[in-house]
Amino acid sequence: MHEWEEQLRALLSDKRVFTELADRYSYSFDASFGEHLPEVVVQPKTTEEVQTIMKIANQFGLAVTPRGQGTCLSGGPLPVKGGILLDMAQWPREINVFADDLIAVVTPSVLTADIHAAAENHGLMYPPDPSSAHVSTIGGNLAENSGGPRGLKYGVTKDFVIGLEIVTPEGEVMHTGGRTIKNVTGYDLTKLLVGSEGTLGVITKATLKLVPKPPAVQTMMAAFTDMATAGKAISKTLTSGVLPAKMEFMDRACIEAVERYRPSGLPTASEALLLIELDGHPETIKLEAEQVKQILLELKADPIITAESDEEAQKLWSARKLVSPAIATIKPTKISEDATVPRSRIPEMMERLKQIKEDYQVELVVFGHIGDGNLHPDIMCDQRDEEEMIRAEKAVAEIFRAALDLGGTLSGEHGIGTMKAPFMEQEMGEVGVSMLKRIKEAWDPNNIMNPGKIFAEKGQKLVLRDG
Ligand SMILES: Cc1cc2nc3c(=O)[nH]c(=O)nc-3n(C[C@H](O)[C@H](O)[C@H](O)COP(=O)(O)OP(=O)(O)OC[C@H]3O[C@@H](n4cnc5c(N)ncnc54)[C@H](O)[C@@H]3O)c2cc1C
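Definitions and cut-offs
- Residue positions within a chain follow its written sequence, with the count starting from 1.
- For a predicted model such as this one, the threshold for reporting local features is a pLDDT of at least 70, and the threshold for listing and counting side-chain atom pairs is 80 or more; totals across whole chains, interfaces and linings nevertheless cover every residue.
- As a rule here, side-chain values come from all non-hydrogen atoms in the structure, and water together with hydrogens is ignored.
- Reported domain spans reflect what an automatic or database domain assignment gives.
- Between two residues, a contact is recorded if the distance between any of their heavy atoms is within 4.5 Å.
- The term buried area refers to how much accessible surface (probe radius 1.4 Å) is lost by two components on association, counted for both of them together.
- Only one rule defines a salt bridge in this text: a Lys or Arg side-chain nitrogen within 4 Å of an Asp or Glu carboxyl oxygen.
- Polar contacts, as counted here, are pairs of nitrogen or oxygen atoms within 3.5 Å of one another; within protein the pair requires one atom able to donate a hydrogen and one able to accept it, and residues that are adjacent in sequence qualify only if both atoms are side-chain atoms.
- The classification used treats Ala, Val, Leu, Ile, Met, Phe, Trp, Tyr, Cys and Pro as nonpolar, Asp, Glu, Lys and Arg as charged, and all other residues, Gly among them, as polar.
- A single heavy atom is enough: if one lies within 4 Å of a molecule or strand, its residue is considered near that molecule or strand.
- Note that accessible areas follow from Shrake-Rupley with a 1.4 Å probe, and for residues the cover is restricted to the protein chains shown.
- Runs of E in the DSSP output that reach at least two residues are strands. Runs of H or I that reach at least four are helices, and both are numbered from the N terminus.
- Where helices are involved, their axes are fitted lines through C-alpha atoms of the stretch in contact, as for all axes, and angles between N-to-C directions lie from 0 to 180°.
- Here the angle decides the label: under 35 degrees means roughly parallel, over 145 means roughly antiparallel, 65 to 115 means roughly perpendicular, and every other value means oblique.
- A strand pair is defined by DSSP finding two or more bridges across the two strands.
- To sort residues, take the accessible area from a 1.4 Å probe on protein chains only and compare it with the maximum for the residue type: under 20% means buried, over 50% means exposed, and anything in between is partly exposed.
- Each patch is built from salt-bridge-free residues with over 30% relative accessible area, joining like charges within 9 Å and nonpolar side chains (Val, Leu, Ile, Met, Phe, Trp, Tyr) within 5 Å.
- A residue counts as positive if it is Lys or Arg and as negative if it is Asp or Glu; His and the chain ends are not included.
- For charged residues, the charge sits on one atom: NZ in Lys, CZ in Arg, CG in Asp, CD in Glu.
- Should the near helix be turned anticlockwise from the far one by less than a right angle, the crossing is left-handed, and should it be turned clockwise, the crossing is right-handed.

Undergrad: I would appreciate a short explanation of the domain arrangement of the chain in the present structure.
TA: Interface extent is often summarised as the accessible area lost during association of the parts. Domain annotation for the chain reports domain 1 (3-90), domain 2 (95-212), domain 3 (216-325) and domain 4 (330-405). Domain 2 and domain 3 are separated by 29 Å when their C-alpha centres are compared. Taken residue by residue, the interface counts 7 residues in domain 2 and 9 residues in domain 3. Of the roughly 690 Å² buried between domain 2 and domain 3 on both sides combined, carbon and sulfur atoms contribute 58%. Of all residues in domain 2, the largest losses of buried area upon contact with domain 3 belong to Pro149, Leu152 and Lys153, amounting jointly to 74% of the total for that side. Applying the counting rule to domain 2 against domain 3 returns 1 salt bridge. Counting every contact that joins domain 2 to domain 3 gives 2 residue pairs in polar contact (both at pLDDT 80 or more). Looking at side-chain class alone, the side of domain 2 that touches domain 3 contains 3 nonpolar, 1 polar and 3 charged residues.

The following block contains the structure:
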């Protein structure tokens, strides 16, 4: 047995240290691509245990990859350099809501949906709502700076974190921020750590900001026969003085896939479907809904549906939630992208995506959080088909290029991980990436924390075929 394994077993006992192939295999993948076996899986349950693990890792030069629930779409929790897989999902789940301060203090293993429920019990709301909220951990959300439909009005995870407890790559404990909404003491390390994809430390506790839960919501759906008009509806609504909480989009391929998968009464002849949610005081949203309806009528959206009850609203939202399982029936491999563009460029981006679909003959479907310009162009393909995967790789590279050409970004919410690392310089430039590397080197001199993520290895290309 390696000395490091002896030390890990002495710390956590045999019950929380796994070296059998079958156990390691269970931690070798996420919701994206690639399979990488860790040498050992450990399940820490306290900050002190994480500290000791980090010290062992530094002593023996082992990589450490934190993992929440493995729902990442960019390869973040893949142990690409082997080493220690830190299973953070077994950590005791604790949510403490301090209603008078409008904050919640949570442990990293807590599922996001449980934070939503705990906040609601106090008449409060934790706005970030990734579609994976029922299965992903807050630790993963923090590391990826996850977003969701409500990002349009409220922002993303970063906007709701005011304090963190972190174990640094060298095994020290550090607290950033605090429990106050305003805090300008020193550099904002909280914001640096959120979205750092597990490369700068292990998050062991977080203090989250809550807001009053809006007393009422109103859901609307509108269908369009062309994308350009749907684009006008988006910009006219967003400049009308009304800020919806959510504005989601499905293209025709998604509509058809949902109707094949579970008929939901969606208009299959439409090219674009918008789902809008307004929230606020009941009297205010009544007026706002009328204002939005007028815009949709002027643009000849058909049909326009205003949900009359919670059940009707749930039915409309469940159609949107069915997109992921429905498109998975098109082909077995899903390449889920999250290119994001300025909102005025959405129609151009949609044109570019149409062209990419034709040029590379790929099954490209588009849905997403269109109100904030965050599209999900997903390519459905078959990983066993080498020739198709080469076309998919080229199409993905073109999607990134299109987003950057239009003043957008590679990733609105899924992170860089391994999947987008080769494209970082195209967005941030040489100096930008070099500055990120210098920060990483200062935090993690032995390159222990989640190596192989964000920064491309020399000559690294996008390859979706490595199993
Ligand atoms: C069906 C589906 C829908 C999704 N919808 C959305 C969406 O709407 N919006 C969105 O943004 N994303 C979405 N995602 C992506 C994914 O759910 C998020 O990135 C989520 O935050 C990952 O959480 P996780 O617990 O699964 O973390 P993992 O996938 O296990 O890990 C993600 C990253 O976090 C790091 N990490 C995990 N825990 C810690 C910790 N305690 N300390 C430091 N680093 C840590 C890992 O190293 C890794 O880099 C979706 C995924 C799926 C499969």
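Undergrad: Quick question: what am I supposed to make of the site of the ligand here?
TA: For the ligand, the set of nearby residues contains 34 residues, the closest of which are Pro66, Gly68, Thr71, Ser132 and Thr137. In the model, an oxygen atom of the ligand is placed 2.6 Å from a nitrogen or oxygen of the threonine 71 side chain. The separation between a nitrogen atom of the ligand and a polar main-chain atom of isoleucine 203 is 2.9 Å. Protein contacts shield 92% of the accessible area of the ligand, which totals 980 Å² for the unbound molecule. Elements supplying a minimum of two residues to the shell around the ligand: strand S3 (64-67), helix H5 (138-144) and strand S10 (202-209). Looking at which element gives the most residues to the shell around the ligand, the answer is H5, with 5 residues. Class assignment for the residues of the shell around the ligand results in 11 nonpolar, 19 polar and 4 charged. No fewer than three residues from each of domain 1 (3-90) and domain 2 (95-212) sit in the shell around the ligand.

Undergrad: Sorry if this is basic, but what is going on with the packing of helix H1 (residues 3-12) against helix H3 (residues 47-60) here?
TA: To characterise two packed helices, one gives the angle between the axes of the helices and the distance between these axes. One can describe the packing of H1 onto H3 by two numbers: an axis separation of 10 Å at closest approach and a directional angle of 175°. Looking at the two axes, H1 sits roughly antiparallel to H3. Each of Glu3, Trp4, Gln7, Leu8, Leu11 and Leu12 in H1 lies in contact with H3, whose residues at this interface are Glu49, Thr52, Ile53, Ile56, Gln59 and Phe60. Looking at the contact of H1 with H3, its residues break down into 7 nonpolar, 3 polar and 2 charged.

Undergrad: For this particular structure, what's the right way to read the pairing of strand S9 (residues 173-177)?
TA: Two faces, one strand: in a regular strand the side chains alternate between the faces of the sheet. Across 5 bridges, the pairing between strand S8 (residues 161-167) and S9 is antiparallel. Looking at the pairing, glycine 163 lines up with glycine 177 of S9. A loop of 5 residues connects S8 with S9, the two strands running antiparallel in sequence, and glycine 171 in this loop sits at a positive phi of about 95°.

Undergrad: Would you mind showing me how to read the pairing of strand S18 (residues 374-381) here?
TA: The buried fraction of S18 is high, at 8 of 8 residues. Neither face of S18 is exposed, since Asn374, His376, Asp378 and Met380 on one face and Leu375, Pro377, Ile379 and Cys381 on the opposite face are all buried. Bridging between strand S16 (residues 333-336) and S18 involves 4 bridges; their strand directions are antiparallel. In the sheet register, threonine 333 faces S18, and the bridge partner there is cysteine 381. Linking two consecutive strands that pair antiparallel, namely strand S17 (residues 363-369) and S18, is a turn of 4 residues; a positive phi of about 80° is found at glycine 373 within it.

Undergrad: I keep staring at a negative patch on the surface and nothing clicks. Help me out?
TA: A contiguous patch of negative charge on the surface is contributed by Glu308, Asp310, Glu311 and Glu312. Position of glutamate 312 among the secondary structure elements: in helix H11 (residues 310-321). Under the relative-accessibility criterion, glutamate 312 is labelled partly exposed at 34%.

Undergrad: How should I be thinking about the environment of tryptophan 91 in this particular structure?
TA: Structurally, the position occupied by tryptophan 91 is in the loop between strand S4 (84-87) and strand S5 (95-98). Note on tryptophan 91: relative accessible area 6%, which makes it buried. For the pair formed by tryptophan 91 and glutamine 43, sequence separation is 48 residues and the distance between their alpha carbons is 7.5 Å. With sequence-adjacent residues up to four places away left out, tryptophan 91 is seen in contact with Pro44, Lys45, Thr46, Thr47, Val50, Thr107, Pro108, Ser109 and Thr204.

Undergrad: Help me understand the packing of helix H8 (residues 227-238) against helix H10 (residues 282-298), please; the structure alone is not making it clear to me.
TA: Following both chains from N to C, one finds H8 and H10 inclined at 150°, their axes separated by 10 Å at the closest point. Taken together, the axes of H8 and H10 lie roughly antiparallel to each other. In this structure, H8 crosses over H10, and the sense of that crossing is right-handed. Together, Ala233, Lys236 and Thr237 of H8 and Val292, Ile295, Leu296 and Glu298 of H10 make up the contact between the two elements. Among the residues forming the contact of H8 with H10, the class breakdown is 4 nonpolar, 1 polar and 2 charged.

Undergrad: What is the right way to look at the sheet that holds S10 in this model?
TA: Two modes of strand pairing occur in sheets, parallel and antiparallel, and in both the strands are linked by backbone hydrogen bonds. Strand order in the open sheet formed by 5 strands is S5-S6-S10-S8-S9, and the pairing between neighbours is antiparallel. In this open sheet, the two strands that pair with only one neighbour each are S5 and S9. Neighbour-to-neighbour, the strand axes of the sheet open up by a mean angle of 15°, direction not taken into account. As paired strands, strand S6 (residues 103-106) and S10 are joined by 4 bridges and run antiparallel to one another.

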